Structure formats: C-alpha cells, structure tokens
Amino acid sequence: MEGALTARDKVGVQDFVLLDAYTSESAFLDNLRKRFSENLIYTYIGTLLVSVNPYQELGIYTVSQMELYQGVNFFELPPHIYAIADNAYRMMCSELNNHFILISGESGAGKTEASKKILQYFAVTCPMTKSLQIARDRLLLSNPVLEAFGNAKTLRNDNSSRFGKYMDIQFDYKGVPVGGHIISYLIEKSRVVFQNQGERNFHIFYQLLEGGEEELLACLGLERDPQLYKYLSQGHCAKESSINDKNDWKTVSSAFSVIDFTEDDLENLFGIIASVLHLGNICFEENHQGCATVPDTHEIKWISKLLGVHPSILLEALTHRKIEAKTEEVICPLTLELSVYARDAMAKAVYGRTFTWLVNKINSSLVNKDFTKKTVIGLLDIYGFEVFDKNGFEQFCINYCNEKLQQLLIERTLKAEQAEYEMEGIEWEPIQYFNNKIICDLVEERHKGIISILDEECIRPGPATDLSFLEKLEEKVGKHAHFQTRKLAGSKGRKRIGWMEFRLCHYAGEVTYCTKGFLEKNNDLLYRHLKEVLCRSKNRILKECFLVAELENRRRPPTVGTQFKNSLSSLLEILISKEPSYIRCIKPNDRKEPSKFDDLLIRHQIKYLGLMEHLRVRRAGFAYRRKYEHFLQRYKSLCPDTWPHWHGPPAEGVERLIRYIGYTPEEYKLGRTKIFIRFPRTLFATEDAFEFSKHQLGMIFSVLTSVECEMNQLTIRLEAHWRGALARKAAQRRTWAVRTVRKFIKGFINRNKPLCPDNEEFIVFVRKNYILNLRYHVPKNVLDKSWLRPPGILENASDLLRKMCTRNLVRKYCCGITAERKALMQQKVVTSELFRGKKEGYAEVLSQPFANSRIGVSTSSLSDGILVIHVSPEDHKQKGDAILRCEHVFEAVTKLVMLLKRGNVVNVVQGSLQFYIRPGKKGTIVFDTGSEEQVYKDKNGQLTVVSGCGGRCVT
Ligand SMILES: Nc1ncnc2c1ncn2[C@@H]1O[C@H](COP(=O)(O)OP(=O)(O)OP(=O)(O)O)[C@@H](O)[C@H]1O
C-alpha cells in the first residue's frame, strides 16, 4: 500500500481504511470509480479485497506478476488477488494452520474467475514434484468438468455457476498441493426443465450435441440440433456467439481422462444426459377420462434403453401414481398436468443426483492417499446476495446463506480486531455494529423459524398451499421486526408488497419474496412410482444415486430447505476452524461491457456485500497499523536520529521519529510490535514528507553518484583481476584433488598386491595412518591386552611392534618395583616353593602381602635362654606370643633375623618385657639375676626368670 500512497489523488486510495470520510458511501464509490477508470480493479479494506470485474483482459495475471507477489509483504505491492492467495499460503506454511478464502458477489461479478486465478497462482508458484503434477492437473481440470455440468448461460453471465462451491486444496508439509475436496451446494435443478428467455440449460447438453462424435450421438439417439429438444430451446438462445461448445467439449473430454473417468463411467453418464433430453421431448395427451397418455413412445424407448428400465414400467410411472392405502397399493392415473410435473420431477431428480455423483467422483480422483497431516486452503465460491424483481425460494435460500456468511465475517473481523488490540496492549474501544443474528434466527430457528414453518406446512395433512404457508408465517413470525407482509404493513408499505409475498429486512436491505412455488420447491417431490423405476435402473450411476434402501425407508426425506440449512451449518463449521480471507466481487454494469461503471448498480452491491459495515468495523479504531520495523524502514529518512541507520530497538526508533515529525498523542498509539495511526491524514502528511525527503536525497545522491562512478570503475577492474586469480587457484586445487582421489581409488583396488607403483602411495598412506592411529591405542600397562587391528599388509610389522611394546611395558614395570616390594615378592616366591599345591589356603594368602611388622623377637639382656616371638596382637585368631626356651639363643635369634632379612626385629630388653597371653590380654616377664637359675609364676600369674651365674635358662 505504501508503494502508491502518493498517487492517491489520481487513482484513489489502495485501502478504503485510508478514506477520511469512511462512513460515506459516496466517498467509497468515488474511490472505486477513480481506480476502475485507471484499470485498477483491486482495492483493500484492511485485508479484505474488493474486486471489480473489468470485463476485459488487463494483462495482470502473467507469470511474472505471480512471481512479483510471491513471498512479498502484503502491503508492499498494489492490491491484487495474488497478494491474498500468497498471504494465505505463506501463513499456512509458516503457522501450519488451515485457511479459507471466501469469494462472494452477485452473478457475473467475477467469483469463478477469481477462484480460478487463485488456483492458477498455486499451480504456478507452489513447489512441485513430478509425481504430484497429476494432483495439480486434476485440481485444475476438475473445473471445466464441474462448469460443464453446473454452469449455464444466464442473462447476467454467459458462464454462470448454478451451484455453490467449496473446494479444499490440500498441501503437504512442504507446501506442495497434493489433493483436494469439493463440496457443492444447492444446484439449480429447475434449470434442467425450464429456462428464461435468453438463458440456456447447463452447458453439457449443448457441448454434447455440438462436439459429440456422430457415433456417440447415434448410440444415444440424439440429433445435433439443440432446437429439437424442448429442454434446450425454451430460452431461444441455444447458440451463443460468446460460447464455443465444440471447443469446450474437447476440453471436457480430455479432462475426463485426467480425472479418472472410465469408458464405462462416460457411457453411463452420457446415457443419463441423453435421457434427460429424451424425457423433455415426451408429449402427453389427455384421453376421454381426462387421464394422461403418451401417443408416441419413441422417447420412452430411448430412455428405457439408456437407463436400463422396462419401457412399459417407465410409461406407467410417468402417467400413473401409486397411492398406498392401509393394506394395499392403488394405482391411479395422472392428469396431463400431473404427468408433466412427474416427467419434469424425474428429469430434475436424475440430473441433480447425477451432479452429486459427479462431484463425488471428482473427489475420489482428487483424494490424496497419503494420510499424513495436511494443511488446507479452502476456496468458497458462493452466490452473492440476490435481489430481483421477483424473488422466489432460490433467492430466499441464497440470501439466507449470505446472511450466515455475513455473520461469520463480522464476528471474525471484530474478533480479529479485538485480538490484535489485546495482543498489542491497546485499549479496546467497543464498536457499534449491526448483529444480524436476529435475521438468521428468524429464518432458521427450530420450530419457530421460516424454514421450520415451511416444513410443517409441507408435511401437515390437509390442503396446504403457498398462501396457507404465508398465513402461517403471519401468525408465527408476524411480530418480528425484520418480517413484513402486505397484511401486516401499514398503509404506506402495503402498496409495495403483493398478496402472495413476504418481505425480509436483511442486513443488506429489504427483499420481497413471492411464496409461489415455495412448497413445491421445498418438497422437491418425486413420485414413489418413479423412484422405484430409477432404483431398479441398470445404469450404474443411477444405481448409486437411487438406492433401493430409500424405498424401504418410510420416513420422509428432509426437505430442500432443511437440507440447505444443514449443509450451511456444516459449511460454517468448516469455515470457523480456519483462518479467513475475503474477496468481494463487484459487477460494474449489466451489459458485460469493459470500462463502464454503473454508479447505481455498484452502490447496490456495496450495500449488499456489507462493505460499508465491514469498513466501519475496520476503521472504528485506527486507520493504519504497521510493524515498527516496516514503519521505520520506510520513514527513517525523516529524522536525523534514525537516518541512515537506527541501531536501537525499532519501537524506540519509531517513537523518536514520530516525536521529531510532531505527531500529537491523539493521532497514534504505540503497541507492543506495531504503531497504530488513527487518521489517514496523519499518514498522508508523513508520506508527503517522505516523498519530499526522497527528492532531496535524490539530488545529493546524483552528485555523489558521479564520484562514485569512477570509484566503481576502478573497483570493478580490481575485482575482475582478483576474481581471475582466485578462479585460477581454485581450478589448480580442483585438478590436484581429482588426481589424488583417482590415485587413492587405484591404490585401494590394488591394496593386497605386492608393493608396486599402483599401490605404493596408498600403502604409504595406510601405513602412516595406521602408525599415527596406533599412537593413541597402545596398551597402557602389562595387563592391557588390547591392540589396534592392522590392515592386511601390516600384520607382520604390527606383531613385531606389539612384542616390542610388551617388552617395553614389562621393563618399565620391573624398574618401578621398590626394594621392599621386591623382598615381599621374594618371600612370596619362597612361600610358593614351600606350599604351592601342598597346603590349603595357599591361594588366599598369595594375594595378601606379608606384613613386615607382624613378627618380632624379644630376649633379655641377661644370660637366660628365654626367647619371645611376638605375633600380631590384632589378629584375633592368634593365640598369643610364643615363649621359647632355647639353649642356643644367640644362634636361634641370628638365624631368625637372617631369615626375616630384617635387623630391627630383635628387641633386647632389660628388667622385664611385655607379651600377649592372647589378643587383648597382656602379661609381663620379669628378668632378674640370682644364685640359681629358675623360672616361676607368682600368685598373680606373673612370670619371673632368674638367671644364674652360669647363664642357664629354665622354663
Ligand atoms: N478478473 C477478470 N478479468 C477479466 N474478465 C473477468 C474477470 N473476472 C470476471 N471476468 C469476466 O466476467 C465473466 C463473469 O465472471 P464469473 O463467471 O467469474 O462471474 P461469477 O461471479 O462467478 O458469476 P456466477 O455467480 O454467475 O457464476 C467471466 O466470464 C469473464 O468474462
């Protein structure tokens, strides 16, 4: 939007929220006109796109245009349908949520074209794989088939969709379109049997006659001239210059093969289409009893052949009616009028259900068999509000649908606005708007609404008529503020409402509906007799459309009104769970002329499309809002603090900027991530200032540019040299790399051969690599038995290395042993020699080091022969120290010491010594001299050793 803010005077504003007089319908219209006259057919209201049908090719749907809008910020480029499509697609991809684009407008406003443009946009810009091209083609080609069966020429549009369409395009997690699903709404079946002057039946009938091969037509019993068929000639325009049925037939025929229609499907399908034409040509006559007869059964025979039913049964069903009495069935003849009714009802039912079958068939070809989670973008191309001179049951349903969609739009827009304010931390200012729930309730409320009253009137016993329905309405909803009839209106309004009419005050304005035909259309009755015929048809499609179970079900099928209400409520459920985008299409004139802008007609549509209401809701708070980054990026040149670069947070930059350019507090609010500007004039003033500064900057730049030019020349030359040198170096490196890789591969192949030029380098490399690797994997101690596995050619070398390594480790180990440990080990050797294999407990002792301190010897300094051998007092298993008497005490002690290899184990005591009687209990030996040697224990148990002069010891 910013891109063209300055052109606003000439081409109007790109977003209606920037209109100062946003409540004025005239200002709205002026803006639309200004833009339309410049061939600018798109304008936003916030994120809603208003599109005016140009009725000419504008060259704005090229591939380069598509590329232009791809991934670009919504407001950076002029409004376009591609921006809406791209925005929905990007959001879907980034947030992995579902979206829908609601396209509405009156007949001929460009809805179908808009949905095709969106489909094409996705087909061209979305990532695509070869295998998924089929899915894309099917999505695209389902359109001509659906249009052939569901579109027709009307006074308002040569290719008018006579059904509502919702199409889901499914995308996988990469954003590739992988499948789709279509739901159709309320096909206009009445067109099959009747067309207004200047209108046609559904395209497929004319396409078949015009394009179908001679053989095919002969098989179907058809002539090429559409004038020969009553169902095709009532509008007197079977041939229409703007429509090329022959070419369209070719497109549809080739589309059939892409969307998986078999020969058999087509045979059955065209059998049905031809049967409808034959049905229309059945003429009835009245016999003397006033009953209908068919004088010429030529058509009956063809229908029987094509639908696989018995001719006499069909004939009877068209001229008779089965009435079920309590115990039996009675067959009554029909009047001529009722036979015509039965025939038309059959044609409508057959076509209507075949259309549903067709949609299902297309869906089965669009279905994506991979059941991983998909995200979708739904396209809803639905009839807009309709107000004609005479409005009937169809307009009632269509306008009810629009009423529901309007409710959704307003609720969602309000909610979105409120959510944005909340998220941005800006105070919410309540918006006054018209809540049309009251009208929706008037139509759909259970037991009380118009549809319920109509249903009641359809099923109640007794003579119910359209008039009695109107009376019921007056009785039940007569007091409703949005309902009026001639009887209820005051003297003023009375004139404008007919006796058979009621008026609803819709959100978009008043519409008067004529109740004529309401009951019949709501009932959509197909006589049971005819239903039976169709249920027994051999035509495979009809078999699927008319199930025998239906005959067995005695319950009345839901009426058309109720079916429509239910399908609308499921549509709304589908939509509510998705993120919305809206496109409102406007028809500029009734004559399908380019460049003609009919003020009155457009004014009506602005009203009916609810555009003013939408604008009011969007503009209630602030006209403009942008992320700080974007706002700053655009206008930073207006403030010296933010130009050329602002290094702080963008919000602060914007604050500094707007303070500098003088925004007053009522003009703006600062949210968490966005600036909100209340009035368009504030934004325009900023934009003007921006344009001025751009101009000035331009002049400075032009001076700088000439200096810069020379610099640039030099830089370019330098860069060229530098790039050349780099390229040469890179090429050399590449050649070297290729050669090395080749040698390596050759070496690998010949690795097991004896050393030769082919494997020499490879083996050197492998050897080096192994040795280098081995560094990190040598065993750390003598017990570590691990060894890095060598390549085949290095096995011998590896063995030698391993031995060297082990020897080295053993040597290192031996050098590290202390003398003490060595002695201990020697003791163990001796123990081993003595006890190994001879004495139990040897193995346990082996692992425990012998303690040096465990054994000690004590003797006295006197001449006695007493010798005490101390054993460890901590060992509770020991009995205590040993006291020995020995004649050769010197010899014994010396030998003991030598055996223990420890000199410090002998303790020569004077006077007394202590010993352990048992662990924990000590005793004392007292040594003394005396005349006579003796050893004795006194009363206390103390041992005394007396040594005589001769030094002899006694125990
Ligand atoms: N963007 C466009 N550019 C050029 N021509 C367009 C464009 N949109 C619509 N038209 C023209 O207007 C005609 C009617 O458009 P379209 O069939 O899309 O209307 P519609 O709203 O779908 O009508 P209906 O409700 O009757 O189906 C198209 O056949 C085409 O000639």
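Residues numbered from 1 in each chain as written. Predicted model: local features only at pLDDT ≥ 70, side-chain atom pairs only at ≥ 80, totals over all residues. Heavy atoms only, no water.

Labelled according to an unreviewed UniProt entry, the protein chain appears under the name Myosin IH, originating from Ursus americanus. Under the heading Sequence similarities (unreviewed entry), UniProt records this for the protein chain: "Belongs to the TRAFAC class myosin-kinesin ATPase superfamily. Myosin family." (UniProt positions renumbered as here; feature names shortened; annotations may be inferred.)

Undergrad: What am I meant to see in the overall build of the protein chain here?
TA: What the protein chain contains, in helices and strands, is 35 helices and 27 strands. Across the 955 residues in the protein chain, those meeting the buried criterion constitute 46%. When contacts within the protein chain are restricted to residue pairs at least 6 apart in sequence, long-range pairs at least 24 apart make up 63% of them. Per element, the accessible surface of the protein chain, about 50,700 Å² overall, is 55% carbon and sulfur. (Helix = DSSP H or I, 4+ residues; strand = E, 2+ residues; numbered from the N terminus. Buried < 20%, exposed > 50% of the residue type's maximum accessible area, 1.4 Å probe, protein only. Contact = heavy atoms within 4.5 Å. Areas by Shrake-Rupley, 256 points an atom, 1.4 Å probe, with all protein chains shown as cover.)

Undergrad: Which parts of the structure should I look at to understand helix H19 (residues 466-477)?
TA: For an α-helix, 3.6 residues make a turn, and residues three or four places apart therefore share a direction. For H19, spanning 12 residues, the distance from its first C-alpha to its last is 16 Å, which sits close to the expected 16 Å at 1.5 Å a residue. Every buried residue of H19 is accounted for by Asp466, Ser468, Phe469, Leu470, Leu473, Glu474 and Val477. Where H19 is buried, its residues touch helix H17 (437-444), helix H18 (450-459), strand E13 (483-485), strand E14 (501-506) and helix H21 (518-523). (Expected span 1.5 Å × (residues − 1).)

Undergrad: Please explain the site of the ligand as it appears in this structure.
TA: Surrounding the ligand, one finds 17 residues, the nearest of these being Ser107, Lys111, Thr112, Ser160 and Ser161. Within the side chain of Ser107, a nitrogen or oxygen atom sits 2.6 Å from an oxygen atom of the ligand. Coverage of the ligand by the protein amounts to 86% of the 620 Å² it exposes when considered alone. Of all the elements, helix H5 (residues 111-125) adds the most residues to the shell around the ligand, at 3 residues. Counted by class, the shell around the ligand contains 4 nonpolar, 10 polar and 3 charged residues. (Near = heavy atom within 4 Å. Polar contact = N/O pair within 3.5 Å; in protein donor to acceptor, adjacent residues only side chain to side chain. Nonpolar A, V, L, I, M, F, W, Y, C, P; charged D, E, K, R; others polar.)

Undergrad: Got a minute to help me understand the state of the cysteines in this structure?
TA: Two cysteines, two sulfur atoms, one covalent bond between them: this is a disulfide. This model, assessed by the stated rule, comprises 0 disulfides. Left unpaired, Cys401 is separated from the closest cysteine sulfur, that of Cys397, by 9.3 Å. Classification of Cys401 by relative accessible area gives buried; the value is 0%. (Disulfide = S-S within 2.5 Å.)

Undergrad: Could you clarify how one ought to interpret the pairing of strand E3 (residues 99-105) in this entry?
TA: Here E3 lies mainly inside the structure; 7 of its 7 residues are buried. Side-chain alternation along E3 places His99, Ile101, Ile103 and Gly105 on one buried face and Phe100, Leu102 and Ser104 on a second face that is also buried. Where E3 and strand E12 (residues 375-383) come together, 7 bridges link them in parallel fashion. Of the residues in E12, the one forming a bridge with Leu102 is Leu380. Pairing geometry for E3 and strand E16 (residues 579-586), over 7 bridges, is parallel. The partner of Ile103 across the bridge, within E16, is Ile583. (Pairing = 2+ DSSP bridges.)

Undergrad: What is the right way to look at the packing of aromatic side chains in this model?
TA: The final tally for this structure, using the stated rule, is 38 aromatic pairs. Between the aromatic rings of Tyr341 and Tyr527, the centroid separation amounts to 5.9 Å while the plane-to-plane angle is 55°, which identifies the pairing as tilted. With a gap of 186 residues between them, Tyr341 in helix H15 (residues 336-366) and Tyr527 in the loop between H21 and helix H22 (528-535) connect regions that are remote in the sequence. Measuring from centroid to centroid gives 5.8 Å for Phe483 and Phe502, while their planes differ by 25°, and the two rings are stacked. (Phe/Tyr/Trp six-rings, centres within 6.5 Å; stacked < 30°, edge-to-face > 60°.)

Undergrad: Quick question: what am I supposed to make of the nonpolar core here?
TA: Soluble globular proteins tend to pack their nonpolar side chains together in the buried interior. With 196 residues, the main nonpolar core has Phe149 and Phe502 as its most contacted residues. Among the elements that make up this core, the one with the highest residue count is H15 (13 residues). A domain split of this core shows at least three residues from each of domain 1 (399-554) and domain 2 (625-710). Counting residues in hydrophobic clusters, the runner-up holds 9 residues, among them Ile866, Phe915, Ile925 and Leu943. (Core = buried A, V, L, I, M, F, W, Y, C linked by side-chain atoms within 4.5 Å. Domains from an automatic or database assignment.)

Undergrad: Help me out: how do you make sense of unusual backbone geometry in this one?
TA: Backbone torsion omega between Trp643 and Pro644 reads 0°, so that peptide bond is classified as cis. Secondary-structure assignment places Pro644 in the loop between helix H28 (628-635) and helix H29 (650-661). A positive phi angle, close to 60°, is found at Asn39, a residue other than glycine. Looking at the secondary structure, you find Asn39 in the loop between helix H2 (25-37) and strand E1 (42-45). Backbone geometry places Lys592, a non-glycine residue, at a positive phi of 55°. Among the structural elements, Lys592 can be located in the loop between E16 and helix H26 (599-608).

Undergrad: I keep staring at the sheet that holds strand E18 (residues 668-670) and nothing clicks. Help me out?
TA: Sheet strands pair via backbone hydrogen bonds, and the direction of the pair is either parallel or antiparallel. The 3 strands are arranged E17-E19-E18 in an open sheet whose pairing can be described as antiparallel. The open sheet has two edge strands, strand E17 (624-627) and E18, and neither has a second partner. Shown here is a sheet whose adjacent strand axes are inclined to one another by a mean of 15°, direction ignored. Of the pairings in the sheet, the one linking E18 to strand E19 (residues 674-677) comprises 3 bridges and is antiparallel in character. Bridge assignment links Lys669 to a residue of E19, and that residue is Phe676. Sitting on the sheet, H29 touches E18 and E19, and the angle it makes with E18 is about 160°. (Axes fitted to C-alpha atoms, helices over the stretch in contact; angles between N-to-C directions.)

Undergrad: It is not clear to me how the sheet that holds strand E25 (residues 921-929) should be interpreted in this structure. Could you clarify?
TA: One open sheet accounts for 4 strands, arranged E24-E25-E27-E26; its pairing is mixed. Strand pairing shows two members of the sheet lacking a second neighbour, strand E24 (912-918) and strand E26 (934-937), which therefore form its edges. Each adjacent strand pair in this sheet contributes to an overall mean axis angle of 25°, direction not counted. Looking at chain direction, E25 and strand E27 (residues 943-947) are connected through 5 bridges and run parallel. Counted as the bridge partner of Ile925 is Leu943 from E27.

Undergrad: Sorry if this is basic, but what is going on with the environment of Lys117 here?
TA: Tracing the backbone through its elements, the reader meets Lys117 in helix H5. A relative accessible area of 13% places Lys117 in the buried class. Sequence-wise, Lys117 and Ile81 are 36 residues apart; in three dimensions their C-alpha atoms are separated by 7.7 Å. Those residues in contact with Lys117, other than ones at most four positions away along the chain, are Tyr61, Ile81 and Tyr82.

Undergrad: Could you clarify how one ought to interpret the environment of Thr924 in this entry?
TA: Tracing the backbone shows Thr924 in strand E25. Taking the relative accessible area as the measure of exposure, Thr924 reaches 25% and is therefore partly exposed. Expressed as a C-alpha distance, the spacing of Thr924 and Gly941, which sit 17 residues apart in the sequence, is 9.2 Å. If near-sequence neighbours (up to four positions away) are discounted, Thr924 is found in contact with Ser912, Leu913, Gln914, Phe915, Gln942 and Leu943.

Undergrad: Help me understand the pattern of salt bridges in this model?
TA: Between side chains of opposite charge, a pair can form as their charged atoms come close. Per the stated rule, a full pass over the model turns up 52 salt bridges. A salt bridge links Lys521 to Glu394; its shortest N-O distance comes to 3.4 Å. With Lys521 in helix H21 and Glu394 in helix H16 (residues 393-424), the pair connects residues that are 127 residues apart, well separated along the chain. Look at Lys521 and you get partly exposed, because its relative accessible area is 33%. The exposure class of Glu394 is partly exposed, given its relative accessible area of 21%. Taking the shortest distance from any N to any O, the salt bridge between Lys437 and Asp441 comes out at 2.9 Å. In this pair, Lys437 and Asp441 are both assigned in helix H17, 4 residues apart and thus about one turn of the helix distant. Connected through shared salt-bridge partners, Asp264, Asp265, Lys361, Arg540 and Glu544 make up one network. (Salt bridge = Lys/Arg side-chain N within 4 Å of Asp/Glu carboxyl O.)

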